[in-house]
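Structural overview for review
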Amino acid sequence: GENVEQHPSTLSVQEGDSAVIKCTYSDSASNYFPWYKQELGKRPQLIIDIRSNVGEKKDQRIAVTLNKTAKHFSLHITETQPEDSAVYFCAANAGGTSYGKLTFGQGTILTVHP
Amino acid sequence: NAGVTQTPKFRVLKTGQSMTLLCAQDMNHEYMYWYRQDPGMGLRLIHYSVGEGTTAKGEVPDGYNVSRLKKQNFLLGLESAAPSQTSVYFCASSSTVPGLAGRSYDTQYFGPGTRLTVL
């Protein structure tokens, strides 16, 4: 089955700096890659996703890049703010008839210091 | 539109007790999922359902059972709780979106979670 590895497990940055979180996946048939943000005690919430037919997608201060050949995708947050502090999860779907099943990475704890 | 809701929010069980967690969604989604979240291990899929009356095993199904008698509800049962089942449980739902080459992939919407402690 699909295996998703996420790095780093913790990331500490100063306010205004950029943050990058990287994920690799194993199933070459995967075609959907969402990123979720989870604040302490809250539910995971989708912040951005990318389909396999594009290499990059941007939404204001966040962007995601996908390299299908290398089977990795990354989340980029620019001009970080203290409210960006949270746990971030990447995920990848199983290829083919996957019924939307996702495999999640282990998570990255992002801390933005004022 | 409440989205995805879960009951209860918190529960403490003794080893060997049973309980049922309820997930409800009002978005008319076909697919529903149960995950558990443990520190450092991300979200792991327990069971899922692709429609009313259907269920299937996920990555960590042992010790759990599920039922989907109505499209909007997905129940997760623990018949004989064990301390290893102490976790935060999340339900999610999704709909299908037509995609490339006839494949479909979907955005999952999560419930608020249930924190379960088994003593």
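Residues numbered from 1 in each chain as written. Chains lettered and ligands numbered in written order. Predicted model: local features only at pLDDT ≥ 70, side-chain atom pairs only at ≥ 80, totals over all residues. Heavy atoms only, no water.

Let us look at the packing of aromatic side chains. By the definition in use, this model includes 12 aromatic pairs over all chains. Aromatic side chains W35 of chain A and F73 of chain A sit 5.6 Å apart centroid to centroid with 70° between the ring planes, which places their arrangement in the edge-to-face category. Highlighted residues: W35 of chain A in strand β4 (residues 32-38) and F73 of chain A in strand β8 (residues 72-77), separated in sequence by 38 residues. Under the relative-accessibility criterion, F73 of chain A is labelled buried at 0%. Seen in terms of ring centroids, Y36 of chain A and F110 of chain B are 5.3 Å apart; in terms of plane orientation they differ by 85°. Their pairing is edge-to-face. Here the residue Y36 of chain A occupies a position in strand β4, and F110 of chain B occupies one in strand β10 (residues 109-110), the pair thus bridging two chains. Just as Y36 of chain A is buried, F110 of chain B falls in that class too. Site record: aromatic cluster; members linked through ring pairs are Y36 and F104 of chain A together with Y33, Y35, F90 and F110 of chain B. (Phe/Tyr/Trp six-rings, centres within 6.5 Å; stacked < 30°, edge-to-face > 60°. Helix = DSSP H or I, 4+ residues; strand = E, 2+ residues; numbered from the N terminus. Buried < 20%, exposed > 50% of the residue type's maximum accessible area, 1.4 Å probe, protein only.)

Before going further, it helps to spend a moment on the sheet that holds β8 of chain A. Residue and element names in this part refer to chain A. Within the open sheet, the 5 strands sit side by side as β1-β3-β8-β7-β6. Their pairing is antiparallel. Looking at strand neighbours, the two that pair on one side only are β1 (4-7) and β6 (56-59), the edges of this open sheet. Taking each pair of neighbouring strands and ignoring which way they run, the sheet shows an average axis angle of 15°. (Pairing = 2+ DSSP bridges. Axes fitted to C-alpha atoms, helices over the stretch in contact; angles between N-to-C directions.)

What follows covers the nonpolar core. Membership of the largest hydrophobic core comes to 23 residues, with the highest contact counts inside it found for W35, F73 and L110 of chain A. Going through the elements one at a time, β2 (10-14), β3 (19-25), β4, β5 (45-51), β7 (62-67), β8, β9 (86-93) and β11 (108-113) of chain A are the ones with two or more residues in this core. Ranked by size, the runner-up nonpolar core spans 19 residues in total, among them W34, I46, V60 and F74 of chain B. (Core = buried A, V, L, I, M, F, W, Y, C linked by side-chain atoms within 4.5 Å.)

Residue and element names in this part refer to chain A. In this structure, β3 lies alongside β8, joined through 6 bridges in antiparallel fashion. For V20, the partnering residue across the bridge sits in β8 and is H76. As paired elements, β7 and β8 share 6 bridges and run antiparallel to each other. Among the inter-strand pairings, L66 is bridged to a residue of β8, identified as F73. As consecutive antiparallel partners, β7 and β8 are separated by 4 residues, and within that stretch K71 has a phi angle of approximately 55°, a positive value.

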